[in-house]
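Below are the chains, spelled out letter by letter.
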Amino acid sequence: MPTLLLIRHGRTSANASGILAGWLDGVGLDEAGVAQAARLSEDLGALPVCRVLASPLPRTLQTATPLAQRWGVPVEHDAGLGECRYGAWTGRPLSELAHESLWQTVQRTPSAAHFPPSEAFESESLAQMSARAVEAVRRTDAEVAAEHGPAAVWAAVSHGDVIKAIVADALGLHLDQFQRIVIDPASVSVIRYPHGRPLVLRVNGPGVGLEGLVPASEEATSDEGAVGGGAGAPTGPGADQGR
């Protein structure tokens, strides 16, 4: 099945100042985030990406746009990849939220966490966020496979908690374990969904060294793990010859 590049948006001023941005208006990339997005487009530009989905928020679209331009495809908005709806927590400092009782639920048993409602912002549970995000990537992956074949590569640009939930699902982890996963701004995680179990190829990595992840046709249809750990991606001049 296709190879999915899960990309977190670049850094924002909210990231730098410790604010839970959520669906707050006007949160875009800061200077460092713009540089991260440009670097990602350089690092990933050679990959044969056929489709780009993104959360409809400005910071993800700012990250996705230079990538899509490099790949020559449009950016498709998908609300399933949107940030978690944090309700009344939206726009508040993380240092302040850490003193609320719900914080420990979010940290220890996130499957039970439902964010408080707000007149200004919608709220949802982490379980609801996880379900819609996983549905979005699995649905799109099946569409990509049907249209472009099992060796296709596509990208989804989203948010930290959303990507953590998708990775946790692919690893077969209960949502209560998703806080063990770290997803940094402008990081790339890589997943395949062959028939059977998902395969997690990379978590929270840079945008370099991914050229060897484009699978041969027989690799793209198998869910078998490599006994002994695998040989790694080809490197060096002519490394992809004969693939």
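The structure we're discussing is the one just above.
Notes on the structure follow. Worth saying up front: this structure is predicted, and the values here are computed from it rather than measured.

Calculation criteria
- Residues numbered from 1 in each chain as written.
- Predicted model: local features only at pLDDT ≥ 70, side-chain atom pairs only at ≥ 80, totals over all residues.
- Heavy atoms only, no water.
- Buried < 20%, exposed > 50% of the residue type's maximum accessible area, 1.4 Å probe, protein only.
- Helix = DSSP H or I, 4+ residues; strand = E, 2+ residues; numbered from the N terminus.
- Pairing = 2+ DSSP bridges.
- Axes fitted to C-alpha atoms, helices over the stretch in contact; angles between N-to-C directions.
- Contact = heavy atoms within 4.5 Å.

**Thoughts on the pairing of strand β1 (residues 3-8)**
Successive side chains on a regular strand alternate, one facing one side of the sheet and the next facing the other.
1) Next: Burial analysis of β1 places 6 of its 6 residues in the buried class, which makes it a mostly covered element.
2) Next: Residues T3, L5 and I7 of β1 are buried on one face, and the alternating residues L4, L6 and R8, pointing to the opposite face, are buried as well.
3) Next: Where β1 lies against strand β4 (residues 153-158), 6 bridges are found, and the strand directions are parallel. Bridging across to β4, I7 finds its partner in V157.
4) Next: Both β1 and strand β5 (residues 188-192) contribute to a ladder of 5 bridges, which runs antiparallel.

**Observations concerning the sheet that holds β4**
1) Next: Taken in spatial order, the 6 strands make up an open sheet running β3-β2-β4-β1-β5-β6, and their pairing is mixed. If you trace the sheet from one side to the other, it starts and ends with β3 (75-77) and β6 (199-205), each paired once. Taken over all neighbouring pairs, the strand axes of this sheet differ in orientation by 20° on average, direction set aside.
2) Next: Its contacts with the sheet place helix α3 (residues 58-71) against β1, β2 (49-54), β3 and β4, and it is angled at close to 165° to β2.
3) Next: Sitting on the sheet, helix α7 (residues 160-171) is in contact with β1, β4, β5 and β6, with an inclination near 150° to β1.

**Some words on unusual backbone geometry**
Residues other than glycine predominantly adopt negative phi, and peptide bonds predominantly adopt the trans conformation.
1) Next: Even without being a glycine, A186 presents a positive backbone phi close to 65°.
2) Next: Here the phi dihedral of N204 falls at roughly 60°; this positive angle occurs in a residue that is not glycine.
3) Next: Position of N204 relative to the elements: it lies in strand β6.
4) Next: Of the residues examined, N204 reaches a relative accessible area of 22% and is grouped as partly exposed.

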